[in-house]
Amino acid sequence: MKEWTREERYRVLQGPEDIRGLYERIKTSAYRQRWHVQPITGLSSDPNGFALHKGTWHLCYQWCPWGAVHGLKYWYHVTSSDLIHWQNTGIGLAPDCFYDNRGAHSGSAISRDGALVFFYTGNHRDEDWTRTPYTCAAVLGEDGRPRKLEKPLFGPRDDHSEHQRDPKVVWNEEKGKYYIFIGAQTLDRRGCVLIYESRQLLSGWRFAGELKVPGYEAFGGMWECPYIVNISGRDVLIFSPQYTKLPGRGESTNHNVYLIGNMDYDTLTFTPDGPYRHLDYGFDFYAAQGAASIGETDRAILIAWIGLPDNHYPTEEEDWEGSLSLPRELRIRDGKLVQTPLPGLATLRDTAITPDGTLPAVCELELTASGNEDLDFNLFTRTDGTGGLRLHYDSRVKRCTVDRSGMDRRFNQAVGEVLDMPLDAPLKKLRVLIDRCSAEIFANDGEATFTTHVYPTEREFNYTLSGGTLRGWTLKPSVTDEFVV
């Protein structure tokens with residue numbers, strides 16, 4: 001694996017020709033996806049700036065153009081009319097001013113009063129590499145390019161560590177105020193959220209206080225990517241706690257969890273109804289964010305990074321890595337979140353799959369079962385049925401166990417290769433969406449989900465099934481892989 005110098009990782013992109021050769025080389029990779037948003041070159045990570053504005057869905061991703069490495073971060077911008085078909089539009093935000101000289105880091109967007117406004121963390125570093133995070137904003141111009149404000153909205157607080165980032169802006173109608181939730185860390189290394197408030201979107205911001213979440217005062221060492229939304233009258237707090245191990249999650253120290261409860265903006269207190277739940281039980285799911293300004297109260301639209309900080313993946317050898325999950329509808333059912341693929345995804349179905357044991361590289365599978373019997377569903381097996389991504393359902397305890405240690409290309413073994421997806425109800429339906437190097441699994445119409453990267457070799461495009469009934473379809477492409485910078 002290439003050893004990157006700081007100078008290589010933090011090079012400034014001078015123009016398209018700097019990376020055209022890299023694009024031409026990676027676009028033929030066997031692992032380039034067909035209906036997931038992915039980087040044109042280099043590394044993609046957190047979803048950013050996700051919002052509906054004047055009938056168009058805007059989405060950005062953290063992007064380091066040089067290779068599969070975390071270095072100088074840009075926002076890369078894609079758009080869609082239906083959340084299914086995406087097109088590249090080029091750089092959204094570039095680290096080109098004093099306040100973000102070492103990266104335009106994660107944030108959000110909101111559509112208000114005819115304008116689409118992006119909020120992001122300006123990652124400034126001095127000559128001695130001391131970090132100063134600034135909360136910055138940009139407004140989408142008539143040409144489809146964001147224009148930055150001349151100055152940040154505000155700087156960091158000295159009573160917290162340098163880890164203050166990922167602004168999520170929300171509008172509260174009752175209070176007549178905007179609020180910004182920022183992922184942060186206390187001086188004694190505890191994860192938290194800082195809250196700022198203003199009656200104007202681009203000025204007048206003041207620090208309101210630290211979010212209080214009873215029972216979670218010492219939960220992880222940093223809370224990244226906070227997101228709060230009201231669905232069907234209930235408040236949902238989603239965040240990514242770092243620097244901590246959680247029960248049943250192997251050696252991973254990066255997670256994505258949610259709480260359902262009540263947000264009191266007077267006391268800045270989020271009171272959970274019950275314990276946290278994992279947003280997704282898979283190996284590779286992080287930094288989930290919801291779309292702003294969708295104008296609905298019974299659902300949210302969520303998207304996440306298929307990947308984890310500090311992890312490594314086989315396409316690093318090809319100088320690219322990462323993708324975003326498919327957008328998911330988020331609803332509340334029986335006191336918990338359920339996640340389902342958008343109905344429009346069915347328009348990508350192409351040819352029905354013959355149940356002969358062969359597995360297309362891009363497909364949708366739907367398995368139905370009785371729920372009262374054990375089940376084994378093994379994907380990406382060899383011709384003789386060995387190896388692969390193995391899913392076992394134990395009907396006695398209503399639990400799916402997913403094991404990817406049988407794949408030819410193994411990765412992140414020290415973090416763990418076996419994880420459970422617990423269910424509240426017997427398993428009666430399993431929907432699996434496969435796209436070249438990822439698999440997203442939805443159990444019982446979204447009761448639980450499991451997302452994982454997989455990198456099958458030429459001999460690993462088969463499956464075996466013991467129990468249940470299977471049908472499926474190949475899927476047509478829906479994202480452009482055009483070279484737009």
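Predicted model only: the values in this text are computed from it and were never measured. (Residues numbered from 1 in each chain as written. Predicted model: local features only at pLDDT ≥ 70, side-chain atom pairs only at ≥ 80, totals over all residues. Heavy atoms only, no water.)

**Thoughts on empty space enclosed by the protein**
To locate leftover empty space, one rolls a probe as large as a water molecule over the atoms.
Move 1: In this structure the tally under the stated criterion is 9 cavities of 30 Å³ or more.
Move 2: Reported here for the largest cavity is a volume of approximately 180 Å³.
Move 3: Around the largest cavity sit 20 residues that line it, and Arg 249, Ser 252, Gly 282, Phe 283 and Leu 419 are the ones nearest its centre.
Move 4: Residues that form the lining of the largest cavity fall into these classes: 6 nonpolar, 10 polar and 4 charged. (1 Å grid on protein atoms, 1.4 Å probe; cavity = no way out; pocket = protein on both sides within 12 Å on 5 of 7 lines; lining within 4 Å. Points joined across faces, edges and corners; volume = space filled by probe spheres on them. Nonpolar A, V, L, I, M, F, W, Y, C, P; charged D, E, K, R; others polar.)

**Some thoughts on the environment of Val 117**
Move 1: Inspection of the secondary structure assignment puts Val 117 in strand E6 (residues 115-125).
Move 2: Measuring from C-alpha to C-alpha, the distance between Val 117 and Thr 347 comes to 31 Å, with 230 residues separating the pair along the chain.
Move 3: Residues contacting Val 117, with those up to four places away along its chain left out, are Ser 108, Ala 109, Ile 110, Ala 137, Ala 138, Val 139, Leu 201 and Leu 202. (Helix = DSSP H or I, 4+ residues; strand = E, 2+ residues; numbered from the N terminus. Contact = heavy atoms within 4.5 Å.)

**Some remarks on the sheet that holds strand E3 (residues 74-80)**
Move 1: The strand order E4-E3-E2-E1-E20 describes an open sheet built from 5 strands, whose pairing is mixed. Whereas interior strands pair on both sides, the edge strands pair on one side only; in this sheet they are strand E4 (86-93) and strand E20 (320-321).
Move 2: Two elements, strand E1 (residues 42-53) and E20, share 2 bridges in a ladder whose sense is parallel. What sits directly across from Gly 42, in E20, is Trp 320. (Pairing = 2+ DSSP bridges.)

**Some remarks on the pattern of salt bridges**
Move 1: Taken as a whole, this structure holds 35 salt bridges when the rule is applied.
Move 2: A salt bridge links Arg 131 to Glu 162, with the nearest nitrogen and oxygen atoms 3.6 Å apart. Separated by 31 residues along the polypeptide, Arg 131 in strand E7 (residues 131-140) and Glu 162 in strand E9 (residues 160-172) bring together distant segments of the chain.
Move 3: A relative accessible area of 17% means that Arg 131 is categorised as buried.
Move 4: With a relative accessible area of 34%, Glu 162 lands in the partly exposed category.
Move 5: Note that Glu 447 and Lys 336 form a salt bridge whose closest N and O atoms lie 4.0 Å from each other. Linking Glu 447 in the loop between strand E30 (438-443) and strand E31 (448-453) with Lys 336 in strand E22 (residues 336-341), this pair joins segments that are 111 residues apart in sequence. Judged on exposure class, the residue Glu 447 and its partner Lys 336 are both buried.
Move 6: When salt bridges that share partners are traced, they join Arg 277, Lys 336, Asp 424 and Glu 447 into one network. (Salt bridge = Lys/Arg side-chain N within 4 Å of Asp/Glu carboxyl O. Buried < 20%, exposed > 50% of the residue type's maximum accessible area, 1.4 Å probe, protein only.)

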